[in-house]
Amino acid sequence: MTSAQHDPSALLTLDVDGGTFRLRHATRADLPDILDLLADDQLGATREDSSEMAPYEHAFEAIDGDPAHLLVVGELLEPGEPAGAVVATFQLSFIPGLSRRGAWRSQLEAVRVSARLRGLGIGAAMVQWAAEESRRRGCALMQLTTDKSRKDAHRFYERLGFAASHEGMKLTL
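Scope of this entry: the structure provided in the associated data block. As the structure is a prediction and not an experimental result, all values here were calculated from the model.

Re the nonpolar core
Counting residues in each nonpolar core, the largest one holds 29 residues, and the members touching the most others are Phe21, Phe90, Leu92, Ile122 and Met126. If you list the elements that add at least two residues to this core, you get β1 (12-16), β2 (19-25), β3 (69-77), β4 (85-95), β5 (104-113), α5 (122-136), β6 (139-144) and α6 (151-159). If you tally residues by element for this core, the top one is α5, at 7 residues. When near neighbours in sequence (up to four residues on either side) are disregarded, Met126 contacts Phe21, Leu23, Ala88, Thr89, Phe90, Val111, Arg112 and Val113.

Set out below in structure tokens:
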């Protein structure tokens, strides 16, 4: 892993098979690629519908306009190219709280890496960057939820040091 010294827009760069992986802040133009990544599994395929972009654009504006939220994408750059295909994404939110002596926590959401690039260390590098950014912002812990059916994701997060400490619940509104 290398830092973004030569490219000020890069949050992280990483040499991988096939080029350079670059992590950067998402732009509105990245929305179609982000939605493709979110829909590229059994659960996401039933939840996402990019035929109507307005709800996604509204959500993007809310995330992008609030410094407590980061929407990040990863690109795969071919040698010598200034931009590349979006192949990964995640959202990181920062939440103040009274518990744990007023500790801040970060919430990691929607971590996705293109199926063709899994196993190259991209997901681990993204989560490590998110943890470092959370520490930099004074968070005492980073939390995430992952669907009970995503057994591979559970193993991935456990390898990175996450512990299944709570039972999550949701109420559809």
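Points about the pairing of β6
Two strands pair when backbone bridges link them, and β5 and β6 are joined in this way by 5 bridges, in the parallel orientation. By the bridge assignment, Trp104 is partnered in β6 with Cys139. Handedness of the β-α-β unit built from β5, α5 and β6 comes out right-handed.

What about the pattern of salt bridges?
Going through the model one piece at a time under the given rule, you end up with 9 salt bridges. Where Arg136 meets Glu133, a salt bridge forms, and the shortest distance between an N and an O atom there is 2.8 Å. With Arg136 and Glu133 both in helix α5, this residue pair falls 3 residues apart, about one helical turn. Each of Arg22, Arg24, Asp30 and Glu75 takes part in salt bridges that share partners, so that together they form one network.

Looking at the side chain of Arg24
When you line up the elements, Arg24 lands in strand β2. Relative accessible area serves as the criterion here: at 13%, Arg24 is assigned to the buried category. A polar atom in the side chain of Arg24 sits 2.8 Å from the side chain of Asp30. Within the local environment of Arg24, its side chain forms a polar contact with the side chain of Glu75, the two groups lying 3.2 Å apart. Contacts of Arg24, omitting those with residues within four sequence positions, involve Ser9, Leu11, Asp30, Leu71, Val72, Val73, Glu75 and Val86.

Remarks on the environment of Met126
Looking at the secondary structure, you find Met126 in helix α5. When the C-alpha atoms of Met126 and Thr89 are compared, they prove to be 8.6 Å apart, with 37 residues separating the residues in sequence.

Some thoughts on the pairing of β1
For β1, a buried count of 4 out of 5 residues is recorded, marking the element as mostly surrounded by other parts of the structure. Bridging between β1 and β2 involves 5 bridges; their strand directions are antiparallel. Within the sheet, the bridge partner assigned to Leu14 lies in β2 and is Phe21. Taking the residues between adjacent antiparallel strands as the criterion, β1 and β2 are bridged by 2 residues, where Gly18 takes a positive phi near 95°.

Calculation criteria
Residues numbered from 1 in each chain as written. Predicted model: local features only at pLDDT ≥ 70, side-chain atom pairs only at ≥ 80, totals over all residues. Heavy atoms only, no water. Core = buried A, V, L, I, M, F, W, Y, C linked by side-chain atoms within 4.5 Å. Buried < 20%, exposed > 50% of the residue type's maximum accessible area, 1.4 Å probe, protein only. Helix = DSSP H or I, 4+ residues; strand = E, 2+ residues; numbered from the N terminus. Contact = heavy atoms within 4.5 Å. Pairing = 2+ DSSP bridges. Right-handed = clockwise from strand over helix to strand, strands pointing away. Salt bridge = Lys/Arg side-chain N within 4 Å of Asp/Glu carboxyl O. Polar contact = N/O pair within 3.5 Å; in protein donor to acceptor, adjacent residues only side chain to side chain.

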